[in-house]
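Overview (structure and organization)
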Amino acid sequence: MLSREDFIFTIGYDGPAAVVDREAKRRYGSLSTRELAEKGLFRAACSSALYSRDPGELEILVEVYNRIAGTSLTVSSNLERLFGVFRVEVKRAIVL
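Residues numbered from 1 in each chain as written. Predicted model: local features only at pLDDT ≥ 70, side-chain atom pairs only at ≥ 80, totals over all residues. Heavy atoms only, no water.

What about helix 4 (residues 42-52)?
- Counting buried residues in helix 4 gives eight out of eleven residues, a clear majority hidden from the surface.
- The complete set of buried residues in helix 4 reads F42, A44, A45, C46, S47, S48, A49 and L50.
- Following helix 4 by one or two positions, R53 has its phi on the positive side, about 60 degrees. (Buried < 20%, exposed > 50% of the residue type's maximum accessible area, 1.4 Å probe, protein only. Helix = DSSP H or I, 4+ residues; strand = E, 2+ residues; numbered from the N terminus.)

And the structure:
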């Protein structure tokens, strides 16, 4: 299974491996879901929330997104589709 940081900063897939953004991982990998969202890194924040499997993390994402974007999303919105994040079971990462 991928590490949290690799999952959060996956930018695509090359066969059975996740392709990871090295610079973003280095710069933002230690931030929490809330901190990522507050910085406007909503895709990374969504990935962080999904990785945690904690519904409270998705609530944090929605709260920050709605405040910044002026929208009224809910946790039941299709956040994975909105932010282009999907869980894919891969065991290897290519860090670029």
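So much for the structure itself; the text now carries on.
Re unusual backbone geometry
- Backbone geometry at R53 places phi at a positive 60 degrees, although glycine is not the residue there.
- Relative to the assigned elements, R53 resides in the loop between helix 4 and helix 5 (55-69).

Quick look at the side chain of D6
- Inspection of the secondary structure puts D6 in helix 1 (residues 4-8).
- Overall, the relative accessible area of 10% leaves D6 in the buried class.
- A distance of 2.6 Å separates the side chain of D6 from the side chain of K25, its partner in a polar contact.
- Excluding residues that lie within four positions of it along the chain, D6 makes contacts with V20, K25, A93 and V95. (Polar contact = N/O pair within 3.5 Å; in protein donor to acceptor, adjacent residues only side chain to side chain. Contact = heavy atoms within 4.5 Å.)

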